[in-house]
Amino acid sequence: MKRAREDNAPAPQRTTYTLDPSAMTAIRADVFDEIDHLDRNASHSLILRHHWSRSLASSYLEGVEDVMDACNSTELFEVDDSVFTLTERPTRANWPAPMIVYVAEIYDAQNAIGAEHFEVVVGPDGQPEPRELLG
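These figures come from a predicted structure and were not determined experimentally.

About the cut-offs
Residues numbered from 1 in each chain as written. Predicted model: local features only at pLDDT ≥ 70, side-chain atom pairs only at ≥ 80, totals over all residues. Heavy atoms only, no water. 1 Å grid on protein atoms, 1.4 Å probe; cavity = no way out; pocket = protein on both sides within 12 Å on 5 of 7 lines; lining within 4 Å. Points joined across faces, edges and corners; volume = space filled by probe spheres on them. Helix = DSSP H or I, 4+ residues; strand = E, 2+ residues; numbered from the N terminus. Nonpolar A, V, L, I, M, F, W, Y, C, P; charged D, E, K, R; others polar. Buried < 20%, exposed > 50% of the residue type's maximum accessible area, 1.4 Å probe, protein only. Contact = heavy atoms within 4.5 Å. Polar contact = N/O pair within 3.5 Å; in protein donor to acceptor, adjacent residues only side chain to side chain. Lys, Arg positive; Asp, Glu negative; His and termini not counted. Salt bridge = Lys/Arg side-chain N within 4 Å of Asp/Glu carboxyl O. Pairing = 2+ DSSP bridges. pLDDT = per-residue confidence, 0-100. Expected span 1.5 Å × (residues − 1). Arc of directions from axis to C-beta.

A. The arrangement of the layout of surface pockets in detail. Considering only enclosed or pocket space, the second largest pocket measures out at about 160 Å³ in volume. Those elements that provide at least two residues to the lining of the second largest pocket are β1 (45-51), α2 (54-67) and β4 (100-108). Ranked by residue count, the leading element in the lining of the second largest pocket is β4, at four residues. Within the lining of the second largest pocket, the residues separate by chemical class into six nonpolar, two polar and two charged.

In structure tokens form, the structure reads like this:
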């Protein structure tokens, strides 16, 4: 969903990110654009992580806040009975550009201990690529 900015409207002062579709109707003065990648000159990257429960997501966010002084924002969202966190963080020096990183752990139904790490990154070109930046 996109809402166009009026020609005489001032440019946005701060960019924030959300997974909440109701935000479009709740905040009328802001400009909303869907994104599928970040600009090459963005000052940050985004980590979108799936969690198996709200408590696991909350624990993850507490850990992020404990170790990351420069974290601009962290949010917890429940979308279609799934729990996600969206974290804005500085782009690591060894990353090729600002990225959107999608992360999940996929558990084998027969083995509660074994999990497969799922990670897809999207760079400024908008092309998703399986890659392990976070491990």
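Additional details are given in the paragraphs that follow.
B. Main features of the environment of Leu-133. Looking at where Leu-133 falls in the secondary structure, it is placed in the segment after β6 (128-130). The class for Leu-133 is buried, based on a relative accessible area of 14%. Through-space distance from the C-alpha of Leu-133 to that of Asn-94 is 9.2 Å; in sequence the pair is 39 residues apart. The contacts of Leu-133, once residues within four sequence positions are left out, are Arg-92, Trp-95, Met-99, Val-101, Glu-119 and Val-121.

C. Quick look at the environment of Phe-84. Looking at the secondary structure, you find Phe-84 in strand β3 (residues 82-89). For Phe-84, a relative accessible area of 22% corresponds to the partly exposed category. Sequence separation of Phe-84 and His-50 is 34 residues, and the distance between their C-alpha atoms is 4.5 Å. With residues near it in sequence (within four places) discarded, Phe-84 still touches Leu-19, Leu-48, Arg-49, His-50, His-51, Glu-75, Leu-76, Phe-77 and Val-79.

D. Up close: the environment of Arg-49. Relative to the assigned elements, Arg-49 resides in strand β1. In this structure Arg-49 comes out as buried when scored by relative accessible area, which is 16%. If we skip the residues at most four places from it in the chain, Arg-49 touches Tyr-60, Val-83, Phe-84, Thr-85, Val-103 and Leu-134. In terms of polar contacts, Arg-49 uses its side chain to reach the side chain of Tyr-60, at 3.3 Å.

E. Structural view of the side chain of Glu-119. Along the chain, the position of Glu-119 falls in strand β5 (residues 111-122). Despite its burial, Glu-119 pairs with no opposite charge, the nearest such side chain being Arg-49 at 6.5 Å. At 2.6 Å, the side chain of Glu-119 and the side chain of His-117 are in polar contact.

F. Representation of the pairing of strand β2 (residues 73-79). Looking at chain direction, β2 and β3 are connected through seven bridges and run antiparallel. Each residue of the ladder has a partner; that of Val-79, found in β3, is Ser-82. The turn joining β2 and β3, which pair antiparallel and follow one another in sequence, is formed by two residues; a positive phi near 50° is taken by Asp-80.

G. Local environment of the confidence of the model for the protein chain. Averaged over every residue, the pLDDT of the protein chain is 78; residues scoring 70 or more account for 70%. Of all the helices and strands in the protein chain, helix α1 (residues 23-26) carries the lowest mean pLDDT, 56, while β1 carries the highest, 92.

H. Examining α2 more closely. Given a rise of 1.5 Å per residue, 14 residues ought to cover 20 Å, and the 20 Å separating the end C-alpha atoms of α2 matches this to within 8%. Among the residues of α2, those classed as buried are Ala-57, Leu-61 and Val-64. Buried positions in α2, seen along its axis, are confined to an arc of 60° and lie on one side of it. Turned more than 90 degrees from where α2 packs its buried face, Ser-55, Asp-66 and Val-67 sit exposed. Those residues of α2 that are buried lie in contact with β1, β2 and β3.

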